[in-house]
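# Examination of the molecular architecture
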Amino acid sequence: MNEADESAKLWKVNRTIHELVRDRGFLVSDEEIHMDLQRFREVYANQSGVVDRNQLNFYTTSRTNPADQIFIFFSEERSVGVKTMRKLLSILEEKSIQRGIIVFPGNMTPSARKVIVAMASEYRLEEFSEADLLVNITHHTLVPRHEVLTPEEKRLLLEKYRLKETQLPRIQLADPVARYYGLRRGQVVKITRPSETSGRYASYRICF
């Protein structure tokens, strides 16, 4: 892939990851989301047209809870190994941030994935390949609107319909939309679809 193609790809990835973070309730500037390709290259590429992935790293704060921060880390390593995971963890520790997303060009080794599991009690780590982020799946016409319920909204829903959690339809943790919103086990999403008869209708799913 030449530099022009690579920078165009990273431009799309950068936009999607900013949309993802915004849709999870974090502060994101409109400039990052609406930046055109030319401006992206001016800001992030060197004179040879190569984008420095380190320049794409960013962290931001929740709109509702200033103590809740997330750090987005772009790996330069094609196949992410333990060394890169250690680098990410050291940054999180230095900045006192408990949540991190690693974005990588190729794949992740099994040993690197084990780090995510091993550190789960201290850090909430997620991973996306750049290929996962080329397109924002929530913008696809076939993907209905998803809204993550707060714990209070979930409680009211279960009370209203006299349901137990186990009676709700399920959405898998590995579902692409669940991954986009960073769902955790037990969280409920409201899914709103258009309906020919009633305009639109809502259904609910619990992540498992």
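Reading the values: the criteria
Residues numbered from 1 in each chain as written. Predicted model: local features only at pLDDT ≥ 70, side-chain atom pairs only at ≥ 80, totals over all residues. Heavy atoms only, no water. UniProt positions renumbered as here; feature names shortened; annotations may be inferred. Helix = DSSP H or I, 4+ residues; strand = E, 2+ residues; numbered from the N terminus. Phe/Tyr/Trp six-rings, centres within 6.5 Å; stacked < 30°, edge-to-face > 60°. Buried < 20%, exposed > 50% of the residue type's maximum accessible area, 1.4 Å probe, protein only. Lys NZ or Arg CZ within 6 Å of the ring centre and 35° of its normal. Domains from an automatic or database assignment. Contact = heavy atoms within 4.5 Å. Buried area = accessible area lost by both parts, 1.4 Å probe. Salt bridge = Lys/Arg side-chain N within 4 Å of Asp/Glu carboxyl O. Polar contact = N/O pair within 3.5 Å; in protein donor to acceptor, adjacent residues only side chain to side chain. Nonpolar A, V, L, I, M, F, W, Y, C, P; charged D, E, K, R; others polar. Arc of directions from axis to C-beta.

If you look the protein chain up in an unreviewed UniProt entry, it shows as DNA-directed RNA polymerases I, II, and III subunit RPABC1 from Gymnopilus dilepis. In the Subcellular location (unreviewed entry) part of its UniProt record, the protein chain is described as follows: "Nucleus". Under the Sequence similarities (unreviewed entry) heading, UniProt states for the protein chain: "Belongs to the archaeal Rpo5/eukaryotic RPB5 RNA polymerase subunit family."

## Some words on the UniProt feature "domain: RNA polymerase subunit H/Rpb5 C-terminal" (unreviewed entry) in the protein chain
What UniProt calls "domain: RNA polymerase subunit H/Rpb5 C-terminal" (unreviewed entry) maps, in this numbering, to residues 135-207. Along residues 135-207 the backbone is 22% helical and 32% strand, and the end-to-end C-alpha distance reaches 23 Å.

## Here's the deal with the packing of aromatic side chains
Taken as a whole, this structure holds three aromatic pairs when the rule is applied. Note on phenylalanine 40 and tyrosine 44: the rings are 5.1 Å apart at their centroids and 50 degrees apart in plane angle, and the pair reads as tilted. Taken together, the positions of phenylalanine 40 and tyrosine 44, both in helix 3 (residues 37-44) and four residues apart, correspond to about one turn of that helix. By relative accessible area, phenylalanine 40 is classed as buried at 0%. A cation over an aromatic ring shows up here: arginine 15 above the ring of tryptophan 11, its NZ or CZ 4.9 Å from the ring centre. When the ring centre of phenylalanine 128 is taken as origin, the NZ or CZ atom of arginine 179, which lies over that ring, is 4.4 Å away.

## Observations regarding unusual backbone geometry
Phi is positive for serine 96, close to 55 degrees, though the residue is something other than glycine. Assessed through its relative accessible area of 54%, serine 96 is described here as exposed.

## Structural notes on the domain arrangement of the protein chain
Considered domain by domain, the protein chain is made up of domain 1 (9-135) and domain 2 (138-207). Across the boundary between the two partners, domain 1 contributes nine residues, which contact eight residues of domain 2. The contact between domain 1 and domain 2 buries some 780 Å² in all, and 43% of this surface belongs to carbon and sulfur atoms. Three residues stand out in domain 1 for area buried against domain 2, namely Asp23, Arg24 and Arg124, and they jointly supply 52% of the buried area on that side. The tally of links from domain 1 across to domain 2 stands at one salt bridge. In this structure, aspartate 132 engages arginine 179 in a salt bridge whose closest nitrogen and oxygen atoms are separated by 3.6 Å. The tally of links between domain 1 and domain 2 comes to seven residue pairs in polar contact (both at pLDDT 80 or more). Ranked by residue count, the leading element in the side of domain 1 that touches domain 2 is strand 6 (residues 124-129), at four residues. Here the residues of the side of domain 1 that touches domain 2 sort into two nonpolar, no polar and seven charged.

## Things to note about helix 5 (residues 110-118)
For helix 5, every residue scored as buried is listed here: Ala112, Val115 and Ile116. The buried residues of helix 5 occupy one face: seen down the axis, they fall within an arc of 100 degrees. In helix 5, those exposed residues whose orientation departs by more than 90 degrees from the buried face are Pro110, Lys114, Val117 and Ala118. Check the buried side of helix 5 and you find it contacts strand 3 (79-80), helix 4 (82-95), strand 5 (107-108) and strand 6.

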